[in-house]
Amino acid sequence: MEMTEKKLQTIFDQYPAKVQKSRKKHIIIKNSELESQEIEANTRTIPGIITNRGCAYAGCKGVVLGPIKDMVHIVHGPIGCGYYAWNTRRNKAKSDDPKHNFINYCISTDMQESDIVFGGEKKLAKVIDEVMEIFDPKCITLSATCPVGLIGDDMGAVAKAAEAKHGIQVLSFSCEGYKGVSQSAGHHIANNILMEKVIGTGDQETAPAKFPINLLGEYNIGGDGWEVERILKKIGYHIVSVMTGDGSYEALKNAHTAELNLVQCHRSINYIAEMLETKYGTPWLKVNFIGIQGTIDSLRNMALYFDDKELTLKTEVVIASELARIEPIFEQYKKICSGKTAFCFVGGSRGHHFQNLFAELGMETLLAGYEFAHRDDYEGRQVIPTIKPDADSKNIPHYVAEVDEKRFRLKVSPEKMLALKARIPLGQYNGIRYDMKDGSIIVDDMNHFETEEFIKLLKPDLFASGIKDKYVIQKMGINSKQIHSYDYSGPYAGFNGAVKFAEDISMGFASPTWNFITPPWKDQPLLEGTVNEE
Ligand code: CFN
Ligand code: HCA
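Computed from a predicted model, the values in this text were never measured in an experiment. Within each chain, residues carry numbers counting from 1 in the order of the written sequence. Each chain gets a letter, beginning with A, and each ligand a number, beginning with 1, in the order they are written. Whole-chain, interface and lining totals are the exception, using all residues; otherwise, since this is a predicted model, local features are given only for residues with pLDDT of at least 70 and side-chain atom pairs are given and counted only at 80 or more. The basis for the side-chain values is all heavy atoms of the structure; hydrogens and waters are excluded.

Once that is clear, we can look at the pairing of strand β10 (residues 341-346). Counted residue by residue, β10 has six buried out of six residues, so it is predominantly covered. Each residue is placed in one exposure class: buried if its accessible area under a 1.4 Å probe, protein chains only, is under 20% of its type's maximum, exposed if it is over 50%, and partly exposed if it falls in between. Put simply, DSSP marks the helices as runs of H or I at least four residues long and the strands as runs of E at least two long, and each gets a number from the N terminus on. Where burial is concerned, the two faces of β10 agree: the one with Thr-341, Phe-343 and Phe-345 and the one with Ala-342, Cys-344 and Val-346 are both buried. Strand pairing is assigned whenever DSSP identifies at least 2 bridges connecting the two strands. Two elements, β10 and strand β11 (residues 364-370), share six bridges in a ladder whose sense is parallel. Among the inter-strand pairings, Phe-345 is bridged to a residue of β11, identified as Gly-369. By convention, a crossover is right-handed whenever its connection, traced from the first strand over the helix to the second and viewed with the strands pointing away, goes clockwise. Handedness of the crossover is the feature at issue here: the chain leaves β10, passes through helix α15 (residues 350-360), returns alongside β11, and the resulting connection is right-handed. Judged from the three bridges that link them, β10 and strand β16 (residues 462-465) form a sheet pairing that is parallel. When the sheet's bridge partners are listed, Cys-344 is paired in β16 with Ala-464.

The structure is reproduced here in structure tokens:
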């Protein structure tokens, strides 16, 4: 560990003093002997530093709203912003009603200079009229880009007028790109409005089938959500809604009828999970369907929650049959991957989630981190509620739980809740630090300079990251896999996804390409100095 610290210092030494002081707070070396290790996160990137982060608009429109297929998402802004969030994330969707699947469209007001000078409200209202005429959706969303806030267009007023004119919901999201420090602010804005205006407005009181669940923080990138749904349906769960991958307006409206909320990506949707718990008493369970063991553990925890003999049995039968099918194939790829090392730097949850899969392939994660996660995603958070019966509850008995001065109403009895909490991570999420090995490096908001320096220092065999750095990494001779959009592949979740991922990275390792690239440290001096000519 001492060695790593010394090496780390060689990177810091290249920064000006002020930058060094700041960046030191965002990088830690995992040390389990320390009770806690703080890491600064969710703060502003130092101007001038090349970050991988996106903006609030990307988090709201691109991440949370975009995957909802039967709403038309209008981007109020210059066309580049619309183009940026136009399905590059590969959030797939299919529909029984193809006329109301708008996932492939990019709809924007295409703001011009004259709209910036004279205001864009009229143009926005006109685009809404056109959308109604052409697509006739049941709901429209309006997402603001930076100029909208700067010129003061009142999108809320336009939305209200359009609702009155067309008789459908028109939701306005003030997610101007400059809000907050990253995508994260946009997730929060989207979560709040979906919860306030859509979730719970459906007319169902209870779900139509047994074991109803919502799958939160699953965006169906490369078909991940479909693979998870395949497994859950096979076991016998009723999926009320997926938020928001391949998601729909109708399903969201009735999401309050689920009995358990599964949280795959904690960072982008923890707000809805907590609001559903507060408002409807539905507990949430952190799951991770990336990796074989992650998938098995998640399924077993779900079975423990529902505590039903038949469901538990079916869970084990499905696990056994899936394993029998995939293990022999997975083992073949493991032979190629085993012993290799990886870096895993992604947005707000995958930097953690994919480490399971690397470990199962016999690979060690040397460095990991997030672009925009918060401290709880790094350090974890233990939530132990005190639970009492709710004196106000009428027909269905509810209970009150108190956590950090927050009060939740629960559908579950206090005895069951406490017993469950002792066995499964109900309402809690252990951060990335828990699962990483001592001596490994954890970096928040890693920048391009650090990316190159860490590569030179630790020379990983694989760098899992995104489009902004992929080609820089490959030019350094390192196999790089996009963990955002999965390049052109997927799914990577669930049992089938684990095999697909193993196949894809094995293909990368086996490629002869790397023999034709000379990494900089092989033909460029790493040390600088002067030659004494005497
Ligand atoms: S699909 Fe998710 S899993 S939603 Fe989030 S934090 Fe982004 S778009 Mo890119 S891949 Fe990434 Fe996560 Fe959740 Fe994706 S790690 S950065 S905002 N993300
Ligand atoms: C976003 C979307 C993104 C970008 C990916 C990348 C995605 O943050 O706006 O930078 O490689 O997953 O598509 O995270």
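With that settled, the discussion passes to the environment of Leu-361. Summarising the element assignment, Leu-361 is placed in the loop between α15 and β11. We classify Leu-361 as buried; its relative accessible area is 0%. Along the backbone, Leu-361 and Ala-502 are 141 residues apart, and their C-alpha atoms lie at a distance of 7.4 Å. Pairs of residues are marked as contacts when any of their non-hydrogen atoms sit within 4.5 Å. Dropping the residues within four chain positions of it, Leu-361 is found in contact with Phe-330, Lys-334, Cys-337, Ser-338, Phe-501, Ala-502 and Ile-505.

Considered as a void within the structure, the largest pocket measures approximately 960 Å³ in volume. Definitions used for this entry: grid spacing 1 Å over protein atoms alone; cavity, a set of points where a 1.4 Å probe fits but cannot get out; pocket, an open set with protein on both sides within 12 Å along at least 5 of 7 lines; lining residue, one with an atom within 4 Å of a point. Along the walls of the largest pocket sit 44 residues, with Val-63, Arg-89, Arg-350, His-484 and Ser-485 positioned nearest its centre. Within the residue set of the lining of the largest pocket, elements represented by two or more residues are α3 (56-65), α9 (183-197), β6 (212-218), α15 and α20 (467-475). No other element matches the five residues that α20 contributes to the lining of the largest pocket. When its residues are assigned to classes, the lining of the largest pocket shows 15 nonpolar, 19 polar and 10 charged. Grid points are joined across faces, edges and corners, and a volume is the space filled by probe spheres set on the points. When its volume is computed, the second largest pocket comes out at roughly 540 Å³. Surrounding the second largest pocket, 21 residues form its lining, Lys-69, Lys-94, Ser-95, Asp-246 and Ser-248 being those nearest its centre. Those elements that provide at least two residues to the lining of the second largest pocket are α10 (224-235), β7 (238-244) and α11 (249-253). Throughout this entry, Asp, Glu, Lys and Arg are counted as charged residues, while Ala, Val, Leu, Ile, Met, Phe, Trp, Tyr, Cys and Pro are counted as nonpolar. The remaining residues, Gly among them, count as polar.

Let's shift gears to the side chain of His-76. Residue placement: His-76 occurs in strand β2 (residues 72-76). Of the residues examined, His-76 reaches a relative accessible area of 1% and is grouped as buried. Among the polar contacts listed, one links the side chain of His-76 to the side chain of Asp-153, at a separation of 2.8 Å. Once residues lying within four places of it in the same chain are set aside, the contact partners of His-76 are Thr-109, Met-111, Gly-120, Leu-124, Ser-143, Ala-144, Thr-145, Val-148, Asp-153 and Met-155. Polar contact is the term for a pair of N or O atoms within 3.5 Å; when the atoms are in protein, one must be able to donate a hydrogen and the other to accept it, and sequence-neighboring residues count only if both atoms are side-chain atoms.

Now for the nonpolar core. In this description, a nonpolar core means a group of buried Ala, Val, Leu, Ile, Met, Phe, Trp, Tyr and Cys residues linked to one another through side-chain atoms lying within 4.5 Å. Judged by nonpolar contacts, the single largest core of 102 residues is most densely connected at Leu-232, Tyr-237, Leu-262, Phe-354 and Phe-358. Once residues lying within four places of it in the same chain are set aside, the contact partners of Phe-354 are Ile-290, Cys-344, Ile-483, Tyr-486, Tyr-492 and Phe-501.

With that out of the way, let us pick up the site of ligand 1. Distances are taken per atom, and a residue is near a molecule or strand as soon as one of its heavy atoms is within 4 Å of it. Around ligand 1 there are 14 residues in total, and Arg-89, His-187, Cys-265, Ser-349 and His-484 lie nearest to it. With respect to the detected pockets, ligand 1 is housed in the largest pocket. Residue composition of the shell around ligand 1, by class: six nonpolar, six polar and two charged. Any molecule with more than half of its atoms within 2 Å of a cavity's or pocket's grid points is regarded as sitting in that cavity or pocket.

What follows covers the pattern of salt bridges. Should the charged atoms of two oppositely charged side chains come close, the side chains can pair. A carboxyl oxygen of Asp or Glu within 4 Å of a side-chain nitrogen of Lys or Arg is what we treat as a salt bridge. Tallying each qualifying case throughout the model produces 22 salt bridges. Beyond isolated ion pairs, a larger network of salt bridges with shared partners links Glu-227, Arg-230, Lys-234, Glu-322 and Arg-325.

Right, let's get into a nonpolar patch on the surface. Taken together, the side chains of Ile-116, Val-117 and Phe-118 present a nonpolar region at the surface, about 340 Å² in accessible area. Tracing the sequence through the fold places Val-117 in helix α5 (residues 113-118). Every patch collects residues that have over 30% relative accessible area and no salt bridge, joining them within 9 Å if they carry like charges and within 5 Å if they are nonpolar side chains (Val, Leu, Ile, Met, Phe, Trp, Tyr). To be clear on the numbers: accessible area is Shrake-Rupley with a 1.4 Å probe, and residue cover counts the displayed protein chains and nothing else.

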